[in-house]
Number of protein chains: 8
Amino acid sequence: MMGSDSDLSVVEETGKILKELGISYEMTLASAHRTPELVQKLASEAEGKGIEVIIAAAGAAAHLAGVVASHTILPVIGVPLNSSPLQGLDSLLSTVQMPPGIPVATMAVGKAGAKNAAIFAAQIMGRKDKGIVKKLVAYRKRTALEIKKKADSMKGL
Amino acid sequence: MMGSDSDLSVVEETGKILKELGISYEMTLASAHRTPELVQKLASEAEGKGIEVIIAAAGAAAHLAGVVASHTILPVIGVPLNSSPLQGLDSLLSTVQMPPGIPVATMAVGKAGAKNAAIFAAQIMGRKDKGIVKKLVAYRKRTALEIKKKADSMKGL
Amino acid sequence: MMGSDSDLSVVEETGKILKELGISYEMTLASAHRTPELVQKLASEAEGKGIEVIIAAAGAAAHLAGVVASHTILPVIGVPLNSSPLQGLDSLLSTVQMPPGIPVATMAVGKAGAKNAAIFAAQIMGRKDKGIVKKLVAYRKRTALEIKKKADSMKGL
Amino acid sequence: MMGSDSDLSVVEETGKILKELGISYEMTLASAHRTPELVQKLASEAEGKGIEVIIAAAGAAAHLAGVVASHTILPVIGVPLNSSPLQGLDSLLSTVQMPPGIPVATMAVGKAGAKNAAIFAAQIMGRKDKGIVKKLVAYRKRTALEIKKKADSMKGL
Amino acid sequence: MMGSDSDLSVVEETGKILKELGISYEMTLASAHRTPELVQKLASEAEGKGIEVIIAAAGAAAHLAGVVASHTILPVIGVPLNSSPLQGLDSLLSTVQMPPGIPVATMAVGKAGAKNAAIFAAQIMGRKDKGIVKKLVAYRKRTALEIKKKADSMKGL
Amino acid sequence: MMGSDSDLSVVEETGKILKELGISYEMTLASAHRTPELVQKLASEAEGKGIEVIIAAAGAAAHLAGVVASHTILPVIGVPLNSSPLQGLDSLLSTVQMPPGIPVATMAVGKAGAKNAAIFAAQIMGRKDKGIVKKLVAYRKRTALEIKKKADSMKGL
Amino acid sequence: MMGSDSDLSVVEETGKILKELGISYEMTLASAHRTPELVQKLASEAEGKGIEVIIAAAGAAAHLAGVVASHTILPVIGVPLNSSPLQGLDSLLSTVQMPPGIPVATMAVGKAGAKNAAIFAAQIMGRKDKGIVKKLVAYRKRTALEIKKKADSMKGL
Amino acid sequence: MMGSDSDLSVVEETGKILKELGISYEMTLASAHRTPELVQKLASEAEGKGIEVIIAAAGAAAHLAGVVASHTILPVIGVPLNSSPLQGLDSLLSTVQMPPGIPVATMAVGKAGAKNAAIFAAQIMGRKDKGIVKKLVAYRKRTALEIKKKADSMKGL
């Protein structure tokens, strides 16, 4: 779930990795402030629809993840976006500093966080689906191998 | 409206000044995250009950004012509180950085903001009640006079 | 009121929304530091001229809104602008951290704040003009609808 | 897992809530920098020992959660602590700004985060144990009720 | 000039050093926001009264020095005070980030700045009064000597 | 004095205004860290050469103004530059947070500060040269007039 | 050692200066989080291979230098990079705020730090190789001379 | 070397660990700004006196380490102290953000940094004195053992 359609290019990173890990997902747009009933509906109906994890990405006073978390018992992952002049410090603090009782699992600001939200969702789902764990292990190995190849190509620089 | 009962000692400053200005008010506690339905109910019913302005005070990832604002057309004043280790920078950014469409009139962090929320509410109400404007003018004169007296007592220091 | 003509492109956002809401306004330029008498004159004469709300936008050590507020009993809305290397943290803190007695209703840094200043002004004026409330309600519905349309167009991404 | 024994009083908050939710846990101390082999051993053996989630709390350049996450496929929750003169900004950024590939689910700085780590761990485990979901729902109701009671006791203030 | 009587204990440091350097001064209280006419009067009459330099100390959205500077051609020294939850970052940025045309010579936050305001005022006045330069040179020598004595007493630690 | 030749385009702003005010100046380059003896020589010989004020502009860990101030009794004006990834917060704090005894009159970060350094230098020199005060008054009037003209041209926007 | 191949253009600055100082080096890529065993292997084998100093450059939650330091007794120099939306504040705090026991010698954020890492490594190696000290002294003289030449070319500006 | 005698209680931590590692040292007080000649003398004579490493600790606009580094080819370790209202952010940035050419090896703010300065100095000296390396290895083992003991004592909590 993203708070503004201008966030799409960042949030697509989440989708790409979920696809790569073979996890089905729905991508949607809903604003905590401009469409509060929509957010509430999506959040409170998610568990019943068989959704396992909700990822919410928003910038500025990023309340989206927190508002979603207040309406569901599902784990909510928050991705703070860098879309105001304050460059993500505002969305990071608005997402992570949740009061006791309603946690939001906060990722890094921007694209790194959008990618990691997909991986963390898979890690949660891996707790009951060992097939996902296997895919995660393979993904990690692939990533590590790529780094090692690049390291090799640096020899002699 | 405050987000936690530990905020009471700061929010009382708002009440004191409202009393001084002869404005009736209700003080209540409701958490944007732990009691979202209560916040929504209070916010959406406020206009119908004849309330003119809503003041919301909260700390940390202070979503209270923003969530209230998303459920009412009344002016919402936000008071960021200093109740986390980050000393109010988190609540300030969470309150003020609202997306286009749903403004929150943000005051200073802590007691100064709690006092000014009362005065700003009175300034709004003064737009249709000249009696309140008179009280505000008198309040300002009194404040200015106190400062001048203190300034006089400093002579010779 | 803006503090520098280089702020015009941002402040025009305020004008657009005021027009959209059918609220008449005057746009002007006055610097708290370079033309203090002009600011004082504009602020202290505003109430007499039938002005209901003053919006002041400025960057850096943004004193404009505070200085205006010190010379009028009208509600003053401050828009911190992102026009120095410190990217708006300076103007945000200079605008919002007002001392007890003289509040400034602070909006988000930059364009989001410029838009919200118009909406918040309308919310204040709505307290005595139900026609404005109707326009605000319609504006919100339109915004929510646009978001829902965009959400629909995302299906299948 | 905590990075220093001086963090015990904060981390105990995690233990209290886990107990309340009927979730068994092991509490231990290991420093990412001073006992790296111990951290690696604990992290890499956790899955085999039947551990479902790892919570890592640390202050300053808080690498603990990140280092743990690099050695396990289990979900890792990070709690940044406020134990240096920079008051938790350092531990927050060190914990949350993880590179793509190795996420850490970051909670709020300090006690609020320590409590929420327990609740978020329960939300993850609730994905395969509906009994935990029931306890979480009950916990939320209890929290909401307490807030409503306090709200009632404020009437007339 | 200080913005609040609660700042007196810090501002007294300025007075002590001015006395030590044999420079006469007037200490007064005036709030840029609550007594704007008083500030304007003091600032615009200062040159005519033979005042050489104005020192203005204020906390939070510290506009005092900037407002004074806008009403006088005298050099204005600003001392940002640490009197809000944001610990002086607000007053520092509000004081130092002045727009082109109206400078404020900003000192360090708090007591260090209060002391240095006195010394810098003396350095300005020293441009036409060589007696003050002599006193400043003596003051510096004394300070350096004290440090060297303390350094000697540390030998063997 | 500037700390790096890459700062020239900003520091030229200082020169332009000094010329406009009819104040003669020398512009030079000297690094507090890479040419410490040169800085010391320039600073300690300045008074003897009839220099009235020293302006030092530097970025990053901007020690230049502080080091200059430690070697002269002349007033030193510091201009923090925005030349590192931290965008001037580093140079601002390095310039302004001077310890008691050795003040640096700090201006705004970047071009605004470079311009104001010239004006403040003129304000200091105006204490013994009334011709400079006249030029400053004329400069201010011109600036104010320009703003008023721009304000007039905005009518009807 | 760098944490990502996208850091290469900055880290090459380190290589250039090492070459200039006649110090042989190996440049490699290894991620503290994605290839932890590789980092551990490189760090723990370095001393045995005759390496004298390790330089580690990384952005965001920059754990690389700290993780390296935890696996070797060699001096480790950390270069925080500016590669996330938070512009290097995250990598600076993650690198410098090391707990007691495992220091990382932290340099400036970005290119300045990459260059200085080479020079500081040379200063360390100069403790047992006076030839390197001579080269460093020559390097400094050259740098100082360049600045003086540029200063000369500024005369008359 | 410390910049103020009020820093003694923090700097003593450096001394304790140096003693523990059998490294002889001199502790002294010298202010970069108030006793610049003394700092220059100490820095430029250090190498000739057989000193291997200089540790400089200072708060606020902490120029001490940078000024020392500009006068010696010895490795200089900087310890930023938390002695101003800005809580060490000022001293950290003033110490670490050195320009290319003159590095300062910066440690954590406050006591953690004071301790690590001693250890890092030992790591440098260990490059030519294997006896120090042995002591460092033993120190690390001792620290790790203490942590493991504390971890054991936590079992069952």
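Residues numbered from 1 in each chain as written. Chains lettered and ligands numbered in written order. Predicted model: local features only at pLDDT ≥ 70, side-chain atom pairs only at ≥ 80, totals over all residues. Heavy atoms only, no water.

**Points about the side chain of Thr-14 of chain G**
All names here are of chain G.
Thinking step 1. Assignment of secondary structure puts Thr-14 in helix H1 (residues 8-20).
Thinking step 2. A relative accessible area of 7% means that Thr-14 is categorised as buried.
Thinking step 3. At a separation of 2.8 Å, a polar atom in the side chain of Thr-14 contacts the main-chain carbonyl oxygen of Ala-114.
Thinking step 4. Once residues lying within four places of it in the same chain are set aside, the contact partners of Thr-14 are Ile-55, Ala-114, Ala-117 and Ala-118. (Helix = DSSP H or I, 4+ residues; strand = E, 2+ residues; numbered from the N terminus. Buried < 20%, exposed > 50% of the residue type's maximum accessible area, 1.4 Å probe, protein only. Polar contact = N/O pair within 3.5 Å; in protein donor to acceptor, adjacent residues only side chain to side chain. Contact = heavy atoms within 4.5 Å.)

**What to know about the interface of chain A and chain D**
Frequently, the measure chosen for interface size is the accessible area removed from exposure when the parts meet.
Thinking step 1. Opposite the 40 residues of chain A that make contact, chain D presents 40 residues.
Thinking step 2. A combined buried area of about 3,400 Å² lies between chain A and chain D, and 62% of that area is made up of carbon and sulfur atoms.
Thinking step 3. On the chain A side of the contact with chain D, Ile-73, Arg-127 and Arg-140 of chain A bury the most area, a combined 23% of that side's loss.
Thinking step 4. One can count four salt bridges joining chain A with chain D.
Thinking step 5. Of the charged contacts, one joins Glu-47 of chain A and Arg-127 of chain D as a salt bridge, the two residues approaching to 3.7 Å between their closest N and O atoms.
Thinking step 6. Scanning the region where chain A abuts chain D turns up 17 residue pairs in polar contact (both at pLDDT 80 or more).
Thinking step 7. Mapped by element, the contributors of at least two residues to the side of chain A that touches chain D are helix H3 (64-70), helix H4 (89-96), strand S3 (105-106), helix H5 (111-125) and helix H6 (130-154) of chain A. (Buried area = accessible area lost by both parts, 1.4 Å probe. Salt bridge = Lys/Arg side-chain N within 4 Å of Asp/Glu carboxyl O.)

**Considering the relation of the copies chain A and chain D**
Thinking step 1. Its rotation angle being 180°, the transformation that places chain A on chain D also includes 0.0 Å of axial translation and leaves an RMSD of 0.0 Å. Expressed as an axis order, the relation between the two copies is that of a two-fold axis.
Thinking step 2. Of all interface residues in chain A, 100% are interface residues in chain D too; the two copies therefore contact each other through one and the same surface. (Least-squares fit on C-alpha atoms with pLDDT ≥ 70 in both.)

**Here we look at the pairing of strand S2 (residues 76-81) of chain A**
Along a regular strand, successive side chains alternate from one face of the sheet to the other.
All names here are of chain A.
Thinking step 1. Among the six residues in S2, six count as buried, and that is most of the element.
Thinking step 2. Relative to S2, strand S1 (residues 54-59) runs parallel, the two sharing six bridges. In the sheet register, Ala-57 faces S2, and the bridge partner there is Val-79.
Thinking step 3. Of the crossover connections in this fold, the one passing from S1 over H3 to the parallel S2 is right-handed.
Thinking step 4. The parallel pair S2 and S3, bridged by H4, forms a crossover whose chirality is right-handed. (Pairing = 2+ DSSP bridges. Right-handed = clockwise from strand over helix to strand, strands pointing away.)

**So, the relation of the copies chain D and chain H**
These two copies of the chain differ by a rotation about an axis and a displacement along the same axis.
Thinking step 1. With an axial shift of 0.0 Å and an RMSD of 0.0 Å, the rotation relating chain D to chain H amounts to 90°. Both copies of the chain, as the preceding transformation shows, are related through a four-fold rotation axis.
Thinking step 2. Little of the interface of chain D is mirrored in chain H, where only 7% of its interface residues again form contacts.

**Things to note about the arrangement of the chains**
Thinking step 1. With no contact between them, chain A and chain E keep their nearest C-alpha atoms 15 Å apart.
Thinking step 2. Nowhere do chain E and chain G come into contact; their C-alpha atoms are at least 17 Å apart.

**Quick word on the interface of chain D and chain H**
Thinking step 1. Taken together, the contact pairs 15 residues of chain D with 14 residues of chain H.
Thinking step 2. Across the chain D to chain H interface the summed buried area is about 1,300 Å²; carbon plus sulfur atoms make up 72%.
Thinking step 3. Looking at the side of chain D facing chain H, the largest losses of area belong to Leu-29, Pro-85 and Leu-86 of chain D, adding up to 39% of the total buried there.
Thinking step 4. Linking chain D to chain H there are one salt bridge.
Thinking step 5. Across the pair Lys-150 of chain H and Asp-5 of chain D runs a salt bridge whose closest N-O atoms are separated by 3.3 Å.

**Comments concerning the packing of aromatic side chains**
Thinking step 1. In the structure shown here, the tally under the stated rule is four aromatic pairs over all chains.
Thinking step 2. On the numbers, 6.4 Å between centres and 25° between planes, the contact of Phe-120 of chain B with Phe-120 of chain C is stacked. With Phe-120 of chain B in helix H5 (residues 111-125) and Phe-120 of chain C in helix H5 (residues 111-126), the pair connects residues from two separate chains. Across the pair, Phe-120 of chain C and Phe-120 of chain B agree in class, each one buried. (Phe/Tyr/Trp six-rings, centres within 6.5 Å; stacked < 30°, edge-to-face > 60°.)

**Digging into the packing of helix H5 (residues 111-126) of chain G against helix H6 (residues 130-154) of chain G**
Residue and element names in this part refer to chain G.
Thinking step 1. Direction vectors running N to C along H5 and H6 enclose 140°, while the axes themselves pass 7 Å from each other. Here H5 is positioned oblique relative to H6, judged by the angle of their axes. The handedness of the crossing between H5 and H6 comes out as left-handed. Note on element contacts: H6 touches H5 through Lys-130, Ile-132, Val-133, Leu-136, Tyr-139 and Arg-140, opposite Ile-119, Ala-122, Gln-123, Met-125 and Gly-126.
Thinking step 2. Taken together, the residues that form the contact of H5 with H6 break down as seven nonpolar, two polar and two charged. (Axes fitted to C-alpha atoms, helices over the stretch in contact; angles between N-to-C directions. Parallel < 35°, antiparallel > 145°, perpendicular 65-115°, else oblique. Left-handed = near helix turned anticlockwise from the far one by under 90°. Nonpolar A, V, L, I, M, F, W, Y, C, P; charged D, E, K, R; others polar.)

**Section: the environment of Lys-135 of chain C**
Residue and element names in this part refer to chain C.
Thinking step 1. Structurally, Lys-135 is set in helix H6 (residues 130-154).
Thinking step 2. Expressed as a C-alpha distance, the spacing of Lys-135 and Glu-20, which sit 115 residues apart in the sequence, is 8.8 Å.
Thinking step 3. In this structure, Lys-135 is in contact with Leu-21 and Gly-22, ignoring residues within four places of it in sequence.

**What to know about unusual backbone geometry**
Thinking step 1. Positive phi, normally seen in glycine, also occurs at Gln-87 of chain F, with a value near 60°.
Thinking step 2. Gln-87 of chain F sits in the buried class, given a relative accessible area of 19%.

**Remarks on the confidence of the model for chain A**
Thinking step 1. Confidence in the prediction for chain A averages 97 pLDDT; 100% of positions are at 70 or higher.
Thinking step 2. The complex prediction reports pTM at 0.97, with the ipTM value standing at 0.97. (pLDDT = per-residue confidence, 0-100.)

**Thoughts on the packing of helix H1 (residues 8-20) of chain E against helix H5 (residues 111-125) of chain E**
All names here are of chain E.
Thinking step 1. Here H1 crosses H5 at 30°, and the two axes come no closer than 8 Å. Relative to H5, the element H1 lies roughly parallel. The handedness of the crossing between H1 and H5 comes out as right-handed. In this structure, H1 uses Ser-9, Val-10, Glu-13, Thr-14, Ile-17 and Leu-18 to contact H5, whose residues at the interface are Lys-111, Ala-114, Lys-115, Ala-117, Ala-118 and Ile-119.
Thinking step 2. Residue composition of the contact of H1 with H5, grouped by class: seven nonpolar, two polar and three charged.

**Here we look at the environment of Ile-119 of chain H**
Thinking step 1. You can see Ile-119 of chain H is positioned in helix H5 (residues 111-125).
Thinking step 2. The spatial distance from the C-alpha of Ile-119 of chain H to the C-alpha of Leu-21 of chain H is 8.4 Å, given a sequence separation of 98 residues.
Thinking step 3. Excluding anything up to four places from it in sequence, Ile-119 of chain H contacts Gly-101 and Pro-103 of chain G together with Ile-17, Leu-136 and Tyr-139 of chain H.

**With respect to helix H6 (residues 130-153) of chain B**
Thinking step 1. Helix length check: H6 of chain B (24 residues) gives 35 Å between terminal C-alpha atoms against 34 Å at 1.5 Å per residue, within 8%.
Thinking step 2. Those residues of H6 of chain B lying buried are Ile-132, Val-133, Leu-136, Tyr-139, Arg-140, Thr-143, Ala-144, Ile-147 and Ala-151 of chain B.
Thinking step 3. Those residues of H6 of chain B that are buried are in contact with helix H1 (8-20) and H5 of chain B together with helix H3 (64-70) of chain C.
Thinking step 4. Measuring from the side-chain oxygen of the N-cap residue of H6 of chain B to the backbone nitrogen of Gly-131 of chain B gives 2.9 Å; that N-cap residue is Asp-129 of chain B. (Expected span 1.5 Å × (residues − 1).)

**Structural notes on the pattern of salt bridges**
Residue and element names in this part refer to chain E.
Thinking step 1. Here the structure, examined in full by the defined rule, presents 86 salt bridges over all chains.
Thinking step 2. A salt bridge links Glu-26 to Lys-49, with the shortest nitrogen-to-oxygen separation between them at 4.0 Å. Pair noted here: Glu-26 is in the loop between H1 and helix H2 (36-46) and Lys-49 is in the loop between H2 and strand S1 (54-59), with a separation of 23 residues, a long-range link.
Thinking step 3. You can call Glu-26 exposed: its relative accessible area is 60%.

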